[in-house]
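A look at the structure
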Amino acid sequence: MALEITDANFEELVLKSDKPVLVDFWAEWCGPCRMVGPVVEEIAKEYDGKAIVGKVNVDNNPQISMQFGIRNIPALLYFKDGQVVDKQVGAVPKSVLADKLNKQIA
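Residues numbered from 1 in each chain as written. Predicted model: local features only at pLDDT ≥ 70, side-chain atom pairs only at ≥ 80, totals over all residues. Heavy atoms only, no water.

Next up on the list: the UniProt feature "active site" (unreviewed entry) in the chain. This chain's UniProt record puts "active site" (unreviewed entry) on Cys30 and Cys33. Filtering out sequence-adjacent residues up to four positions away, Cys30 remains in contact with Ile73 and Pro74. Apart from residues no more than four positions distant in its own chain, Cys33 is found in contact with Trp26, Ala27, Ile73 and Pro74. (UniProt positions renumbered as here; feature names shortened; annotations may be inferred. Contact = heavy atoms within 4.5 Å.)

The next thing to look at is the sheet that holds strand 1 (residues 3–4). With mixed pairing, 5 strands are arranged side by side in an open sheet as 1-3-2-4-5. Two strands bound the open sheet, and with one partner strand each, they are strand 1 and strand 5 (83–89). Here strand 2 (residues 21–26) pairs with strand 3 (residues 52–57) via 6 bridges, running parallel. When the bridges of strand 3 are listed, Phe25 appears paired with Val56. Helix 2 (residues 31–46) rests against strand 2, strand 3 and strand 4 (75–80) of the sheet, and its axis sits at about 155° to strand 3. (Pairing = 2+ DSSP bridges. Helix = DSSP H or I, 4+ residues; strand = E, 2+ residues; numbered from the N terminus. Axes fitted to C-alpha atoms, helices over the stretch in contact; angles between N-to-C directions.)

Residue Pro74 is bonded to the preceding Ile73 through a cis peptide linkage, with omega at 0°. Considering the arrangement of structural elements, one finds Pro74 in the loop between helix 3 (62–67) and strand 4. For Asp81, which is not a glycine, the phi torsion comes out positive at approximately 55°.

Moving on, we come to the pattern of salt bridges. Pairing is possible between side chains of opposite charge, provided their charged atoms come close. What the rule picks out here adds up to 5 salt bridges. Measuring nitrogen to oxygen at the nearest pair gives 3.1 Å for the salt bridge that ties Asp86 to Lys100. Highlighted residues: Asp86 in strand 5 and Lys100 in helix 4 (residues 94–105), separated in sequence by 14 residues. Linked through salt bridges whose partners overlap, the residues forming this network are Glu42, Glu46 and Lys94. (Salt bridge = Lys/Arg side-chain N within 4 Å of Asp/Glu carboxyl O.)

Turning to helix 4, a few remarks are in order. For helix 4, built from 12 residues, the straight-helix expectation of 16 Å at 1.5 Å per residue is met to within 8% by its first-to-last C-alpha distance of 16 Å. For helix 4, the set of buried residues is Leu97, Ala98, Lys100, Leu101 and Gln104. Projected down its long axis, helix 4 carries its buried residues within an arc of 160°, all on one side. (Expected span 1.5 Å × (residues − 1). Buried < 20%, exposed > 50% of the residue type's maximum accessible area, 1.4 Å probe, protein only. Arc of directions from axis to C-beta.)

Attention shifts here to the packing of aromatic side chains. One pass over the full model with this rule turns up 3 aromatic pairs. Ring centres 5.4 Å apart and planes at 50° place the aromatic pair Phe10 and Phe68 in the tilted group. Of the two residues, Phe10 sits in helix 1 (residues 10–15) while Phe68 sits in the loop between helix 3 and strand 4, which places them 58 residues apart along the sequence. Relative accessible area serves as the criterion here: at 3%, Phe10 is assigned to the buried category. Residues Phe10 and Phe79 carry aromatic rings whose centres are separated by 5.7 Å and whose planes lie at 75° to one another, so their mutual orientation is edge-to-face. Here Phe10, found in helix 1, pairs with Phe79, found in strand 4; they are 69 residues apart in sequence, far enough to count as distant. Here Phe10 matches Phe79 in class, with each residue buried. Feature note: the residues Phe10, Phe68 and Phe79 constitute an aromatic cluster, connected by ring pairs. (Phe/Tyr/Trp six-rings, centres within 6.5 Å; stacked < 30°, edge-to-face > 60°.)

Next comes the structure, spelled out in structure tokens:
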């Protein structure tokens, strides 16, 4: 299951991770976010042990959202060694998200 990432645990779970991290910025009122949500959960299961997958509710965690300039959701950011290395904005097929994550694991 995807981790719940908050303003409070972001640094520990994402920036200090020794594995690649996929972070889904979403909100409950966002239609496309509801389409991407189940896909992110599938990826979390499939990449367990290889990558960290988490979700940030932008309404509850404005600090992280502002820090990374999140203006459109869903926005999926890929982190490696504490840095943003790739991103995807909008609803896309699972294969697109998985391919980007695979590049960070390789």
